[in-house]
Amino acid sequence: MAKEEIIVVFGVDIKKLEAGLNTAGSKIKKFGDNVTNVGKKLSVRLTAPITLAGGMALKTAAKFEKLRTTLNVLTGSAEAGGKAFERLVQFSAKTPFQLDELVKANNTMMGFGLSADQAYGSLQQLGDIAAVAGGDLQRIAVAFGQSAAEGRVMTRDILQFINNGVPMYDLLADVTGKSASEVRNLATEGKITFDVLQAAFKKATSEGGKFEGGMAQLSQTISGIASTVKDNLNIAFAELGNEIFKALDIKTLAQDFI
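Not measured: the values here are computed from a predicted model. (Residues numbered from 1 in each chain as written. Predicted model: local features only at pLDDT ≥ 70, side-chain atom pairs only at ≥ 80, totals over all residues. Heavy atoms only, no water.)

**Student:** Please set out the nonpolar core residue by residue, giving values where relevant.
**Tutor:** In terms of nonpolar packing, the biggest core is built from 49 residues, with F144, F161, M168 and F201 touching the most fellow members. When residues in this core are grouped by element, the largest group, eight residues, is from helix α6 (residues 116–133). Once residues within four sequence positions are removed from consideration, F201 is found in contact with Q125, L126, I129, F144, F161, V166, M168 and L171. (Core = buried A, V, L, I, M, F, W, Y, C linked by side-chain atoms within 4.5 Å. Buried < 20%, exposed > 50% of the residue type's maximum accessible area, 1.4 Å probe, protein only. Helix = DSSP H or I, 4+ residues; strand = E, 2+ residues; numbered from the N terminus. Contact = heavy atoms within 4.5 Å.)

**Student:** Before we move on, can you summarise the packing of aromatic side chains with the specific residues and values?
**Tutor:** All told, the structure shown has four aromatic pairs when counted by the stated rule. Centre to centre, the rings of F144 and F201 are 5.8 Å apart; their planes meet at 10°, and the pair counts as stacked. One end of the pair, F144, is in helix α7 (residues 137–150); the other, F201, is in helix α11 (residues 194–205), and 57 residues separate them in sequence. We classify F144 as buried; its relative accessible area is 1%. One aromatic cluster in this structure is built from F144, F161, F194 and F201. Sitting over the face of the ring of Y120, R87 holds its NZ or CZ atom 4.4 Å from the ring centroid. The residue whose ring lies beneath R184 is Y169, and the NZ or CZ to ring-centre distance is 4.5 Å. (Phe/Tyr/Trp six-rings, centres within 6.5 Å; stacked < 30°, edge-to-face > 60°. Lys NZ or Arg CZ within 6 Å of the ring centre and 35° of its normal.)

**Student:** Would you mind going over the pattern of salt bridges in detail, with residue names and values included?
**Tutor:** All chains considered together, the criterion is met by five salt bridges. D117 serves as the salt-bridge partner of R87, at 3.0 Å between the closest nitrogen and oxygen. Taken together, the positions of R87 in helix α4 (residues 78–92) and D117 in helix α6 put the pair 30 residues apart, joining distant regions of the chain. For D117, a relative accessible area of 51% corresponds to the exposed category. Each of E150, R156 and D157 takes part in salt bridges that share partners, so that together they form one network. (Salt bridge = Lys/Arg side-chain N within 4 Å of Asp/Glu carboxyl O.)

**Student:** Which residues make up helix α9 (residues 168–176), and what values do they have?
**Tutor:** The set of residues buried in α9 consists of M168, Y169, L171, L172 and A173. Looking at the packing, one finds that the buried side of α9 touches α8 (155–163), α10 (180–188) and α11. Positive backbone phi, approximately 80°, marks G177, located one or two places after α9.

**Student:** So what about the packing of α6 against α7? Which residues, and what values?
**Tutor:** In the contact formed by α6 and α7, the axes pass within 10 Å of each other and the chain directions differ by 130°. As judged from the angle between their axes, α6 and α7 are oblique. For the element pair α6 and α7, the recorded crossing hand is right-handed. Where α6 abuts α7, its residues S122, L123, L126, G127 and A130 lie against L137, I140, A141 and F144. Across the contact of α6 with α7, the residue classes tally to seven nonpolar, two polar and no charged. (Axes fitted to C-alpha atoms, helices over the stretch in contact; angles between N-to-C directions. Parallel < 35°, antiparallel > 145°, perpendicular 65-115°, else oblique. Left-handed = near helix turned anticlockwise from the far one by under 90°. Nonpolar A, V, L, I, M, F, W, Y, C, P; charged D, E, K, R; others polar.)

Next up, the structure:
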């Protein structure tokens, strides 16, 4: 056996394996020719780098499956959960946030009572705000979810927004036409409804708003580009992992890869 190769005997139908990898290649534009060539040339001998890539692909696919499962539970069905998950996958591929960050924030809002569609719509606004403010998306989602659950914005929620770089008093003052001090008093009395908070965020992230296009702006930075590339690679690996899973006797090989 040559030093530069590691021989792995699979005990499966090689044609089936090749077909699986070729299918993955057709699905993953980012991998394109590279994956297709691997599928065509693959035999019972796999070099160490390819074996490593297979392990990474399976791990990523498993991670995606776990995230999808949480949405299945929250939405009440595999069909609804799958739809919500795929929507978040596509969203993550175009934003500076990682998929697990988005799923966590989305699930937090759903846990506070928002529907999958409401959470997703709100996530786009919260993402723009977090991107510009530099705050923690999850903590902003918690404050937003708490307000949704209570139907009003309490002082503690406003302070949590402020601690994450969101000038909440100014945003609420802007949408209500009141002064910041008046907003403080209303919040203390519990008189700012969740609808007002939603209106404030909608205005702040719409055309001309303070946080308009926040995620798009952050996506053009070095860190944003790196995050987007990482997400797209993870999506590609997950697709490849699913195809490998279908093609191999994964129960036998799981311990070798994971």
